[in-house]
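# Remarks on the overall topology
The chain contents come next:
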Amino acid sequence: MLASCIPCGFARSTVSQVLGMMLLLLLQITLTSAPASAQSITLPTIEPSIRLEASGHFGQNELDGQLRRPDQISKIRSRAAAGSARDEFLMGYACTKGMGQPQDLSQALAWYLKAANHAEPAAITELGRMYVHGYGVSQDYQKGMEWLRRAAADGYAPAQTDVGLLYFEGLGVAPDYESAVRWWEKAAGNGYAPAESNLGVAYLNGMGVPRDPARATQLFRNAADAGLDTAQFDLASCYEAGQGVPQDLGVAAEWYRKAAQRGNPGAQNNLASMYQSGRGVPQDTFRALRLFLLAAENGNMKAATNLATTFQLGIGVKPDSVLSCMWLQIASGAGEDGGESVHATCSKISDHQLNQAREQASTWRVQHHLEVVPSTAASSASRIFSPR
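Residues numbered from 1 in each chain as written. Predicted model: local features only at pLDDT ≥ 70, side-chain atom pairs only at ≥ 80, totals over all residues. Heavy atoms only, no water.

### What to know about the overall build of the chain
Each helix and strand counted, the chain has 20 helices and zero strands in total. Taking all 388 residues of the chain together, the buried fraction comes to 53%. Considering only residue pairs separated by 6 or more positions, the chain has 61% of its internal contacts joining residues 24 or more positions apart. Put simply, the chain shows about 16,800 Å² of open surface, and 50% of that area lies on carbon and sulfur atoms. (Helix = DSSP H or I, 4+ residues; strand = E, 2+ residues; numbered from the N terminus. Buried < 20%, exposed > 50% of the residue type's maximum accessible area, 1.4 Å probe, protein only. Contact = heavy atoms within 4.5 Å. Areas by Shrake-Rupley, 256 points an atom, 1.4 Å probe, with all protein chains shown as cover.)

### A look at the pattern of salt bridges
Summed over the entire model, instances satisfying the criterion amount to 10 salt bridges. One salt bridge in this structure joins Asp87 and Arg79, with 3.0 Å as the shortest N-O distance. Judged by its relative accessible area of 6%, Asp87 falls in the buried class. In this structure, the salt-bridge partner of Lys302 is Glu336, at a minimum N-O distance of 2.9 Å. One end of the pair, Lys302, is in helix α16 (residues 301-313); the other, Glu336, is in the loop between α17 (321-333) and α18 (340-348), and 34 residues separate them in sequence. Members of the salt-bridge network, linked through shared partners, are Glu126, Arg129 and Asp162. (Salt bridge = Lys/Arg side-chain N within 4 Å of Asp/Glu carboxyl O.)

### Topic: helix α14 (residues 265-277)
Helix length check: α14, at 13 residues, gives a terminal C-alpha distance of 19 Å against a target of 18 Å (1.5 Å per residue), a fit within 8%. Every buried residue of α14 is listed here: Pro265, Gly266, Ala267, Gln268, Asn269, Asn270, Leu271, Ala272, Ser273, Met274, Tyr275 and Gln276. On its buried face, α14 is in contact with α12 (229-241), α13 (249-261), α15 (285-297) and α16. Where α14 begins, one side-chain oxygen reaches toward the backbone nitrogen of Gly266, 3.0 Å away; that side chain belongs to Asn264. Following α14 by one or two positions, Gly278 has its phi on the positive side, about 75°. (Expected span 1.5 Å × (residues − 1). Polar contact = N/O pair within 3.5 Å; in protein donor to acceptor, adjacent residues only side chain to side chain.)

### What to know about unusual backbone geometry
Note: most residues except glycine have negative phi, and most peptide bonds are trans. Unusually for a residue other than glycine, Ala119 sits at a positive phi of about 65°. Tracing the backbone shows Ala119 in the loop between α5 (105-117) and α6 (121-133).

### A look at α13
The terminal C-alpha atoms of α13, which comprises 13 residues, lie 18 Å apart, in line with the 18 Å expected from a rise of 1.5 Å per residue. Every buried residue of α13 is listed here: Ala252, Ala253, Trp255, Tyr256, Ala259 and Ala260. All buried residues of α13 fall inside an arc of 165° around its axis, so they share one side. The inward-facing, buried residues of α13 abut α11 (213-225), α12 and α14. (Arc of directions from axis to C-beta.)

### Side note on the confidence of the model for the chain
Taken as a whole, the chain shows an average pLDDT of 83; of its residues, 80% reach a score of 70 or greater. For the chain, the element scoring lowest by mean pLDDT is helix α20 (residues 380-383), at 27; α13 scores highest, at 98. Low pLDDT, under 50, characterises residues 375-388; the stretch is placed with 32 contacts to residues that sit more than four places away or in other chains. (pLDDT = per-residue confidence, 0-100.)

### Observations regarding the environment of Asp87
Examined against the element boundaries, Asp87 turns out to sit in helix α4 (residues 85-97). Separated by 28 residues in the primary sequence, Asp87 and Ala115 place their C-alpha atoms 8.0 Å from one another. Discounting chain neighbours no more than four positions away, the residues touching Asp87 are Ile76, Arg79 and Ala80.

### Quick look at the packing of aromatic side chains
Per the stated rule, a full pass over the model turns up six aromatic pairs. Each residue in the set Phe89, Tyr93 and Tyr112 is aromatic and connected to the rest through ring pairs, giving one cluster. Positioned over the ring face of Trp183 is Lys186, at 5.7 Å from the centre of the ring. It is Arg215 that lies over the ring of Tyr203; its NZ or CZ is 5.7 Å from the centre. (Phe/Tyr/Trp six-rings, centres within 6.5 Å; stacked < 30°, edge-to-face > 60°. Lys NZ or Arg CZ within 6 Å of the ring centre and 35° of its normal.)

### With respect to the packing of α5 against α6
Axis separation between α5 and α6 bottoms out at 8 Å; the angle between their running directions is 140°. Taken together, α5 and α6 sit at an angle that is classed as oblique. Of the two elements, α5 crosses α6, and the hand of that crossing is left-handed. Seen from α5, the contacting residues are Leu105, Leu109, Tyr112, Leu113, Ala115 and Ala116; seen from α6, they are Ala123, Ile124, Glu126, Leu127 and Met130. Across the contact of α5 with α6, the residue classes break down as 10 nonpolar, no polar and one charged. (Axes fitted to C-alpha atoms, helices over the stretch in contact; angles between N-to-C directions. Parallel < 35°, antiparallel > 145°, perpendicular 65-115°, else oblique. Left-handed = near helix turned anticlockwise from the far one by under 90°. Nonpolar A, V, L, I, M, F, W, Y, C, P; charged D, E, K, R; others polar.)

### Re the nonpolar core
Grouped together as the largest cluster of nonpolar side chains are 109 residues, with contacts concentrated most on Phe89, Tyr112, Leu307, Trp327 and Ile330. Tallying contributions element by element places α17 first for this core, with eight residues. (Core = buried A, V, L, I, M, F, W, Y, C linked by side-chain atoms within 4.5 Å.)

If you want it as structure tokens, here you go:
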């Protein structure tokens, strides 16, 4: 199952401290009186493993550190005005992120163009990404590809990685796994972690290269050691399933933990499932609940489904049909299937309780900026590249 699955990246939503603390308090109150024997009835939903990684977020902490203080931005602005290509790029980045000034995508575009005219590869890459995402400009995959290929041809690994993604998904070009792999190999040859991670996906699934799970896990390990959370997640998934490495649930849990500490919602969800069932770690239903809550707050709707099941069955908490239905409403509203057994929960509660669950779910969505989607189908184009 692992080898046939190629999900893309996911968005991260804003964490609501208020509701999260309320729910944690509720869990602490009910934990001591609830039976914990139901965890063996149904296994938690596992976040699909092995995802493609765009290079948009990798290295952002370093950039953010250069633009943290007003005096830093002032000096960068002065150097940019004097024609420093790198500082022109940094000003574009600051305008994009709204650092030291309100976000202004038109100014970001102008600064990136100045830096691109001075052959700054990071700025050329960002111009390509703006067109790929339709970020401040009309979305245009072909124009985005032109900019990205320009930086990629100069050996810039982030651009090479994104060109590979466009070939892999067939955005602006015909789908071509072999070309995707060639670009990722160029970037991986420079030790660029997102490209190594994507090569791991290709080798694990035999797409553009002969299938080689052992090679895939080595590539995931390289990227994981560099601190890439999606690679840490993928390596954990391989250890959990015994793909390319001997199955080792303890090692899987450790890599999930590392990715979870970096804010990876899928890893938070999967580590929670391991704590809930005691697989690879000592069973700890309260820690599982906290991780499920954290993953859901970070936008993982499989965690919301798991919370619905947890409250339905009373796994470490007092059974609560209203809370179960609330989490089901949240998950299903985002396109996640909660399963027939949980759907049945909402059909068995009173109209007053159902309205209460719906109101709580609506409040949670507003607090977390989560939009209700009309179907479970997600746009692959919107999920390939990491959101800014």
